[in-house]
Structure formats: structure tokens, C-alpha cells
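Chain residues, written in single-letter form:
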Amino acid sequence: MYETDAATPTPSWRERPASQQPSYPDRGALEAVTSDLRSRPPLVFAGEVDSLRRAMAAASEGRAFVLMGGDCAESFQDNTADNIRLKLQTILQMAAVLTYGASTPVIKIGRMAGQYAKPRSTDTETREGVTLPSYRGDSVNDHAFTAEARVPDPQRMLDAYLRAGTTLNLIRSFTMGGYADLREVHSWNRGFTDNPAYSRFESFAGEIDRAMRFMEAAGVDFDALRQVDFYAAHEALLLEYEDAMIRQDSRSGRLYDTSAHLLWIGERTRGPRDAHVALLAGVHNPVGVKIGPSTTGDDVRALMDELNPDGDPGRLTLITRMGSGRIREALPPIVEAVKADGRPVTWVTDPMHGNTITSENGYKTRRFDTILDEVRGFFEVHRAAGTVPGGIHVELTGDDVTEVLGGGEHIDEAALEERYETLVDPRLNHQQSLETAFEVAEMLRR
Ligand code: PEP
Ligand code: MN
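Keep in mind that what you see is a predicted model, and the values were worked out from it rather than measured.

Could you clarify how one ought to interpret the pairing of strand β2 (residues 65-70) in this entry?
A regular strand carries its side chains on alternate faces of the sheet. The buried count for β2 comes to six of six residues, which makes it a mostly enclosed element. Here β2 shows two buried faces, one formed by F65, L67 and G69 and the other by V66, M68 and G70. Inspection of the sheet shows β2 paired to strand β3 (residues 106-110) by five bridges, in the parallel sense. Opposite G69, over in β3, you have G110 as the bridge partner. The parallel pair β2 and β3, bridged by helix α3 (residues 81-102), forms a crossover whose chirality is right-handed. With five bridges connecting them, β2 and strand β15 (residues 389-395) associate as parallel partners. Bridge pairing links G70 to E395 in β15.

Hey, could you run me through the pattern of salt bridges in this one?
If the charged atoms of two oppositely charged side chains come close together, the side chains can form a pair. As enumerated under the stated definition, the model contains 36 salt bridges in all. In this structure, R251 engages D50 in a salt bridge whose closest nitrogen and oxygen atoms are separated by 3.8 Å. Remark: D50 occurs in helix α2 (residues 46-60) and R251 occurs in the loop between β7 (246-249) and β8 (255-257); sequence separation between them is 201 residues. Note that R156 is salt-bridged to D142, the shortest N-O span being 3.1 Å. Within this pair, whereas R156 is found in helix α4 (residues 155-176), its partner D142 is found in the loop between β5 (130-133) and α4, the two being separated by 14 residues in sequence. When its relative accessible area of 15% is taken as the criterion, R156 is described as buried. Given the relative accessible area of 29%, D142 is considered partly exposed. The network of salt bridges with shared partners includes R14, R27, R38, E240 and D243.

Would you mind showing me how to read the pairing of strand β4 (residues 124-127) here?
Pairing geometry for β4 and β5, over four bridges, is antiparallel. Its bridge partner being in β5, R127 is matched across the sheet by V130. The loop that links β4 with its antiparallel partner β5 comprises two residues; one of these, E128, has a positive phi angle of about 45 degrees.

Would you mind showing me how to read the packing of helix α5 (residues 182-194) against helix α6 (residues 202-217) here?
Between two packed helices, the angle of one axis relative to the other and the distance separating the axes together describe the packing. Across the interface, α5 lies against α6 with an axial gap of 11 Å and an inter-helix angle of 155 degrees. One element, α5, and the other, α6, form an angle in the roughly antiparallel class. Relative to α6, the crossing made by α5 is left-handed. On α6, the residues that touch L182, R183, H186, R190 and T193 of α5 are E202, A205, I208, D209, M212 and E216. Among the residues making up the contact of α5 with α6, the classes are represented as four nonpolar, two polar and five charged.

Even after reading the chapter, I still don't get the coordination of the manganese ion (ligand 2), so can you show me in this structure?
Only C72 (SG), H353 (NE2), E395 (OE) and D425 (OD) from the protein reach the manganese ion (ligand 2) as donors, at distances of 2.1 to 2.5 Å. Coordination of the manganese ion (ligand 2) draws on donor residues from a single chain, spaced C-x280-H-x41-E-x29-D in sequence. In this pair, C72 is assigned in the loop between β2 and α3 and E395 in strand β15, connecting sequence segments 323 residues apart. Under the relative-accessibility criterion, E395 is labelled buried at 0%.

So what exactly am I meant to see when it comes to the sheet that holds strand β12 (residues 346-349) here?
Spatially, β2-β3-β6-β9-β10-β11-β12-β15 is the arrangement adopted by the eight strands of the closed barrel, whose pairing is parallel. Geometrically, the sheet is characterised by an average inter-axis angle of 25 degrees between neighbouring strands, direction not taken into account. Bridge count for strand β11 (residues 316-320) against β12 is four bridges, and the pairing is parallel. By the bridge assignment, I319 is partnered in β12 with V348. Strands in contact with helix α9 (residues 297-307) are β9 (262-265), β10 (287-291) and β11; relative to β10, the strand with the most contacts, it is inclined by about 165 degrees.

Even after reading the chapter, I still don't get the UniProt feature "binding site: phosphoenolpyruvate" (unreviewed entry) in the protein chain, so can you show me in this structure?
The UniProt record annotates "binding site: phosphoenolpyruvate" (unreviewed entry) at R111, E267, R268, K290 and R321. Within the element layout of this structure, E267 appears in the loop between β9 and α8 (275-281). Residue classification places E267 among the partly exposed positions, given a relative accessible area of 21%. Contact partners of E267, with chain neighbours within four places excluded, come to K290, I291, G292, S294 and R321. Inspection of the secondary structure puts K290 in strand β10. The class for K290 is buried, based on a relative accessible area of 6%. Discounting residues that sit within four places of it in the chain, K290 has contacts with R111, W264, I265, G266, E267, R270, I319, R321, D350, H353 and H393.

Each value, and the rule that gives it
Residues numbered from 1 in each chain as written. Chains lettered and ligands numbered in written order. Predicted model: local features only at pLDDT ≥ 70, side-chain atom pairs only at ≥ 80, totals over all residues. Heavy atoms only, no water. Buried < 20%, exposed > 50% of the residue type's maximum accessible area, 1.4 Å probe, protein only. Helix = DSSP H or I, 4+ residues; strand = E, 2+ residues; numbered from the N terminus. Pairing = 2+ DSSP bridges. Right-handed = clockwise from strand over helix to strand, strands pointing away. Salt bridge = Lys/Arg side-chain N within 4 Å of Asp/Glu carboxyl O. Axes fitted to C-alpha atoms, helices over the stretch in contact; angles between N-to-C directions. Parallel < 35°, antiparallel > 145°, perpendicular 65-115°, else oblique. Left-handed = near helix turned anticlockwise from the far one by under 90°. Contact = heavy atoms within 4.5 Å. Nonpolar A, V, L, I, M, F, W, Y, C, P; charged D, E, K, R; others polar. Donors = N, O, S within 2.8 Å, 3.2 Å for Na, K, Ca; no water. UniProt positions renumbered as here; feature names shortened; annotations may be inferred.

Take a look at the structure:
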């Protein structure tokens, strides 16, 4: 358990430059909310966070594979049982396919239960001559395009905390109560391969089927497989919120950010001397950093110095988001610099954020083929360098939205108009997510 009354020694992030933060009109209201949050129970526990750290260490050595997925931005409105169940189900199905492909455990991490704050490329948004502050995620302001809705409201942090708690509660019930039973997850997959668009995966699905039947016949204890570990992660963007969720573990004396198991730092806030790195340097959680195509060897060494000076395996994950056209040139020098340094990292590919385009009819979208090509490039680079491709990080939803172009259902530009629902970035829909899992499983088997 955590000490609730111990004065939490705050890391020195307050003295560092902090970008992408809301400017709250009322400091008093902000302080009231953060002090309230400090008195509330943690959302995750130190022991679980430590388990994930060990699992991430295994992934860095090729003894496990990471699957991270979920919305670009969760919304309060979509914080419903159906939405959470469908997303969880999609991730578990993908994990079943990947487990078979990789022949190693798959570490399942949702961009869920706290993915409520977004970095934006501009501070303001203009529509038809009206300029308002940008939407920064439901934990900051409201998406509606009115002056009132866009004012940052600290009370939203409390709402985000409570919704993250109820999301985690539902995830825990589903994953502990047998809903994630491997046999059931596998039978959900059969519906996917029944669709003629995916017939090329049929023999693969058939192999998984035979493997399941073999295990059953051999007397494998399926009851032991009924519960799965499922972890929560989000971008640690909103410094006041993350700081208010830091607790000291009474057993070890260590500090944990108890808002999620894993926190990551975005491409826009990863300056090694900046506030976001300083905040996460002070906690024991496994930490991710997104790195784009302009990243240098010196940049990653500086990040390792701040976030993992002693080179503890499982502590630091580098989530590369280069773009399919650049990954084969941009990633090798970074991989070589990390190899030369010697301290371990877990390499994960985010094939989404370097591949965002605008369609001719004005939608922010991505092409399914380009996404897969970046994953392919990721495997190629790591295989050539002798390093370990440790996992994949994708934006997805369990619904049948139409936000990403292509895939077996051949979503075209006109189809984007049908169900384009995301608040920020385009997500793989349910079918595209499963298709991705089958494709990546094949890459893993090679
Ligand atoms: C995101 O993951 O939604 C995101 C903003 O990513 P990045 O920091 O890589 O741009
Ligand atoms: Mn995004």
C-alpha cells in the first residue's frame, strides 16, 4: 500500500520548461482539485507496476512481445461499458493471434483508463473566421467549438480520475472473471476469418485451432489461462494531474505515478531537460518515449541518462514513429547509438503518427498499407542490426468506424464520411485491428 500522508517529495519538474500545458484562469480552483486528488486512492498498485516492468524487460530480450492499443483520445462521452468491452475484446483478440505468431507471451497494454490529455500542434483553432483555444483532451476542456467549452477547467481532472477508475474496474472484472478465457477469445476470431475479405488468413487461423485442440487433448489446465494481465497506459502530458497521482510505496519507499502502469512522453514534450522527463525521472513506473524521424543518437543517450541512468531492463521503452517513407533511413543510426551505449531499451513501433495525411475530402486519415509498411520497416531494421523488435503501439477502437483508408474492407475516401468519429487522430477499426494482428504475426514468425 501507499503512504497517504507522507509529504511526497516532488520531482524538480516545476523548475523546468513545460510545453503543452493548459492555462487555467483560476489558480485557486486548480489547487483545490490537485489537493483533492492527492488524498484519493491510487488507481494502480506498485506490485502491478513492477510486474509490467519485468514484462517489458522480457520484451527487450525477445522473450515477450508488447501490444499497446486504444484511442488517440478517450472521451468522457464514450466512457461506456460497451465501448470499453469492445476495445478490450479487440485487443485480446489481437493478442491471441500475436501470441501464436510470436510463440511468446504478449504483454497487453490499453491506451485506456486515462488517455484524456492531448498535445496539439497549435494553441488555437480557427473555423469560419472564429478563433478559439485548441481542444486539449477531455481532462482539460470540451471538444465543442464554443468559447465557453474551450476554457480549461481543472475540475475535469477529477472527472478523468473517476472515469479512469471505473474503466479499470470494468477491465479488471472482465480479465479476472474468465471473460478473457483463451478459448473464447480464439472463437471470437473465427468470425473474422469467416469473412471472405480475410480468407488469406484462414490457414493461419486453422493452425491456431489445431494448437488449441492439441493443448486441450494434452490436458493443459485451461482454468489457469482464464485470467490475463492487462495493463493501462497513457501519455503523461498533464503535469498537474500526473504529479497529484504520485504516491510513495510504503514497502520500498519508492515513488510511483499511480495514474497508470506505464506512462509515456510524447514526441513534442521529450526534451531531456524539460518538465515531462523530469517528472517521470522521479517515479519507478516503466516509461515510454515517442521518438520521431528527427531524433539523433545524442537525443536518445540524453534520454537514457535522465530516465534510465543505471540501465535497468524494462524501465525505458522507445516508441519509434518515423513514417513509412523514413523508417528505413531514420531508425538505423538511432539503433546503432543505443547498441553502442549498451544500456537496454525496449523497442516498440508506433506506425500511426508518422503516417497521418489529409484526404481530398478533408479528413485527417492514414492508409492501412502505409501503416503496415512502417511495421515491416521496423522489423527489417531491427533484424539487420541484430536488435529486438519488441512490440507495436496502435490507435484502434472496437467499433466499425471508418477513419483509416484501406484494409480488407477497402475503406475509400467516400467511406470516411460514414463513421468518422474520432476526436483527434484516425483509428483502426475492429476488422483493421485484427487484420493488423494477423499481418504482424506473420512478420513475427519469419
Ligand atoms: C499520440 O500518441 O496520440 C501522439 C500525440 O503521439 P506523438 O507524441 O508520437 O505525436
Ligand atoms: Mn494520436
